[in-house]
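Now for the letters of each chain:
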Amino acid sequence: MLQRAPWHTYPRAEEAVSVYERARLTPLGDCAVVVSFGDDISEAINLRVRAFSSQLSEATLPALVEGVPAFTNVTILYDPLITDYEGFAAALESLIDRTPTEPTAVESRTVEIPVCYGGEFGPDLGFVAAHNDVSEDEVIAIHTEPDYRVYMIGFAPGFPYLGGMSTRIAAPRRDSPRAAIPAGSVGIAGHQTGVYPIETPGGWQLIGRTPLRLFRAERETPSLMQAGDRVRFHAISRAQFERE
Amino acid sequence: VKVLAPGLLTTVQDLGRIGFGKDGVSPSGAMDREALRVANLLVDNGEGAAGLEITFEGPRIEFTTSTLVSVCGADLEPRIASAPLLGWCAALVQEGAVLEFGAARWGCRAYVAVAGGIDVPEVMHSRSTYLRAGIGGLEGRALRSDDELPLGRIGAAVQRIMATTAENLGPLPFALTSRRLRDAERLYTSGPIRFLRGPDWEMLDADDQSAFLGGTFRVSPESDRMGHRLRGPVLRSPAGAEMTSTAVITGTVQLPPGGEPIVLTADRQTTGGYPMIAQVIHADLGTVAQLRPGDEIRFEETTIEEAHRAIRHIEEVLDELRGVEERASSGP
């Protein structure tokens with residue numbers, strides 16, 4: 001039943017994107033509403049998503065169950081025993097009215113992820129290098145260069161959809177997925193990079209591993225990374241990995 | 001409670017882990033929520049107490065203390081000391097009694113509630129087992145032989161019911177109380193599964209829309225707590241469509257590239273990238289949970305208003321069991 005993490009390409013910031021002038025509401029079944037801010041994967045639209053999410057988390061709507069932010073929208077579950085669809089949609093509309101449309105002031109944290117690249121932790125580092133006609137060290141340099149953006153968390157507990165990887169280290173998925181990828185593995189699939197917070201099957205090319213625990217059930221906020229965070233990878237040695 | 005044999009897949013479940021979708025955490029919880037809620041109400045637990053979800057082949061469970069127990073949901077032929085135990089009914093069981101199951105006569109998942117609830121530690125505000133992440137329930141896993149499950153404290157009302165029922169004990173190590181839900185079939189739909197159009201319904205062409213509406217699907221053996229895969233008319237229109245990942249919810253009907261729809265259930269992922277063609281209404285999720293591999297499933301479109309009425313109807317059925325305290329004090 002496991003689904004593949006979809007393979008997205010993330011547009012560069014300068015590309016034109018279509019942000020809706022006003023957020024659109026659509027029912028999802030009889031217990032949820034989707035609030036959409038645009039059609040494309042872009043920083044501008046995701047910024048609106050985050051601004052609305054933070055507004056939602058501070059709101060006191062009696063029927064609100066929970067909100068799940070994604071690239072372009074927020075899906076909000078409600079209790080239909082407390083309100084009907086129209087009533088809940090009206091409450092969301094007024095929340096949208098109170099959300100700044102130019103949300104420049106959204107706080108964003110930077111999460112540093114130490115990674116031990118290559119060796120047994122990154123068995124596909126050589127493949128990614130050869131595929132792009134660069135050295136393994138260059139792959140590491142390119143991977144540790146950008147500020148990545150967490151667009152959303154999904155697919156697995158604490159799994160970040162990161163935007164911002166250079167196309168110079170893009171690589172196709174493995175032909176046959178591995179049955180078990182260890183927690184902390186850092187991988188590349190297409191134009192996307194990610195970190196596996198829990199052990200799971202997967203087809204990504206593995207280039208390294210972090211000693212950080214990205215998902216801890218006992219924490220009040222179990223996922224280390226949250227939508228909107230910035231992420232930086234930095235290389236550490238095997239000895240440093242063991243010490244962490 | 002001691003597990004003598006685990007059965008096919010027996011897990012501790014409550015009503016799920018709510019509020020952690022943004023962290024990528026599945027809700028988990030009972031697949032047939034109403035069956036667990038009724039089972040809990042019958043033994044005077046809160047509706048959200050943790051019980052056991054039993055899948056198709058039941059376990060053998062020994063009660064290490066005298067208590068109240070109820071079995072709801074699928075009829076997996078529950079029995080104690082070879083005598084049948086009535087479903088949807090609270091029973092007093094004596095210390096040492098062993099609950100066993102026989103043939104699966106109806107449905108797929110049965111729920112056992114024990115007075116006080118299964119008292120495993122809460123993880124993220126829930127006792128539900130989330131198998132894929134290995135959290136919740138008993139050590140994040142399905143039950144095994146020799147597991148012992150702690151029980152919560154029982155209240156005065158339960159003790160009164162136990163004391164009164166004990167007078168009816170015969171040679172068998174259990175006795176039924178008068179607490180039962182009549183006509184439990186009111187919680188299920190015997191007709192087609194009702195749905196609302198999903199955000200990507202319009203991606204289906206006219207032929208595929210009528211195939212979904214008029215077709216008969218079967219639940220594939222590859223189904224599990226994450227979802228029911230459906231075999232039947234293959235829907236081709238949006239095959240291979242590249243979607244931007246977005247949240248999915250329980251009951252979402254996704255259409256992966258193979259063209260065979262999937263109905264997402266309790267252990268579903270929180271987000272997905274496949275077209276979302278339909279959404280099963282909340283009130284029919286219990287019926288879906290009781291489908292077995294090979295069972296037929298058909299779909300019928302409905303409206304939000306009708307779907308909300310169906311939810312209220314279920315609450316009215318449960319209302320018959322609420323207000324336990326008053327009824328218990330008047331004696332069974």
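In this text, all values refer to a predicted model and were calculated from it rather than measured experimentally.

Trainee: What is the right way to read the overall build of chain A from this model?
Mentor: For chain A, the helix and strand inventory stands at five helices and 13 strands. Taking 244 residues into account, the globule formula puts the C-alpha radius of gyration at 18 Å, and chain A, at 19 Å, falls close to it. With the C-alpha coordinates of chain A rotated into their principal frame, the extents come out at 55 × 40 × 35 Å. Taking all 244 residues of chain A together, 57% fall into the buried category. Taking the intrachain contacts of chain A between residues at least 6 apart in sequence as the baseline, contacts between residues at least 24 apart amount to 65%. Surface exposure of chain A reaches about 10400 Å², of which carbon and sulfur atoms provide 49%. Counting 21 positive and 32 negative side-chain charges, chain A places the centres of these two groups 4 Å from one another.

Trainee: Is there a simple way to explain the confidence of the model for chain B in this structure?
Mentor: The predicted coordinates of low-pLDDT regions are not to be read in fine detail. All names here are of chain B. Looking at chain B, the pLDDT average stands at 94 and 96% of residues meet or exceed 70. In the predicted structure, residues 324-332 sits below a pLDDT of 50 and forms 14 contacts with residues beyond four places in sequence or in another chain. As scored by the predictor, the complex reaches a pTM of 0.92 and an ipTM of 0.93.

Trainee: Mind showing me how you'd approach the nonpolar core here?
Mentor: Inside soluble globular proteins, nonpolar side chains tend to come together where they are buried. Ranked by size, the top nonpolar core spans 60 residues in total, and within it A:Val35, A:Phe52, A:Leu92, B:Val38, B:Trp88 and B:Leu187 carry the most contacts. When residues in this core are grouped by element, the largest group, seven residues, is from helix H5 (residues 304-319) of chain B. Ignoring sequence-local partners within four residues, the contact set of A:Phe52 consists of A:Val35, A:Phe37, A:Val74, A:Ile76, A:Leu92, A:Leu95, A:Ile96 and A:Thr99. By size, the runner-up hydrophobic cluster in this structure holds 29 residues, among which are B:Val3, B:Ala50, B:Leu52 and B:Ile80.

Trainee: Looking at this model, I keep getting lost on the sheet that holds strand E20 (residues 296-297) of chain B. Mind explaining?
Mentor: Strands pair in a sheet through their backbones, by hydrogen bonds, and they do so in one of two ways: parallel or antiparallel. Residues and elements named next belong to chain B. Strands sit in the order E20-E13-E14-E17-E16-E19-E12-E21 across an open sheet of eight strands; the sheet is mixed. Each having just a single partner strand, E20 and strand E21 (299-301) make up the two edges of the open sheet. Relative to E21, strand E12 (residues 193-197) runs parallel, the two sharing three bridges. Among the inter-strand pairings, Arg194 is bridged to a residue of E21, identified as Glu300. The sheet contacts of helix H3 (residues 206-214) involve E12, strand E13 (217-219), strand E16 (252-254), strand E19 (276-280) and E21, and relative to E21 the element is tilted by about 110°.

Trainee: Mind showing me how you'd approach the packing of helix H1 (residues 43-58) of chain A against helix H2 (residues 85-98) of chain A here?
Mentor: Two measures define how a pair of helices packs: the angle their axes make with one another and the distance between the axes. All names here are of chain A. At a minimum axis separation of 10 Å, H1 and H2 run at an interaxial angle of 120°. Classified by the interaxial angle, the pair formed by H1 and H2 is oblique. Crossing of H1 over H2 shows right-handed handedness. On H2, the residues touching Phe52, Gln55 and Leu56 of H1 are Leu92, Leu95, Ile96 and Arg98. Of the residues contributing to the contact of H1 with H2, the split by class is five nonpolar, one polar and one charged.

Criteria and cut-off values
Residues numbered from 1 in each chain as written. Chains lettered and ligands numbered in written order. Predicted model: local features only at pLDDT ≥ 70, side-chain atom pairs only at ≥ 80, totals over all residues. Heavy atoms only, no water. Helix = DSSP H or I, 4+ residues; strand = E, 2+ residues; numbered from the N terminus. Rg over C-alpha atoms; globule rule 2.2 N^0.38 Å. Buried < 20%, exposed > 50% of the residue type's maximum accessible area, 1.4 Å probe, protein only. Contact = heavy atoms within 4.5 Å. Areas by Shrake-Rupley, 256 points an atom, 1.4 Å probe, with all protein chains shown as cover. Lys, Arg positive; Asp, Glu negative; His and termini not counted. Charge placed at Lys NZ, Arg CZ, Asp CG, Glu CD. pLDDT = per-residue confidence, 0-100. Core = buried A, V, L, I, M, F, W, Y, C linked by side-chain atoms within 4.5 Å. Pairing = 2+ DSSP bridges. Axes fitted to C-alpha atoms, helices over the stretch in contact; angles between N-to-C directions. Parallel < 35°, antiparallel > 145°, perpendicular 65-115°, else oblique. Left-handed = near helix turned anticlockwise from the far one by under 90°. Nonpolar A, V, L, I, M, F, W, Y, C, P; charged D, E, K, R; others polar.

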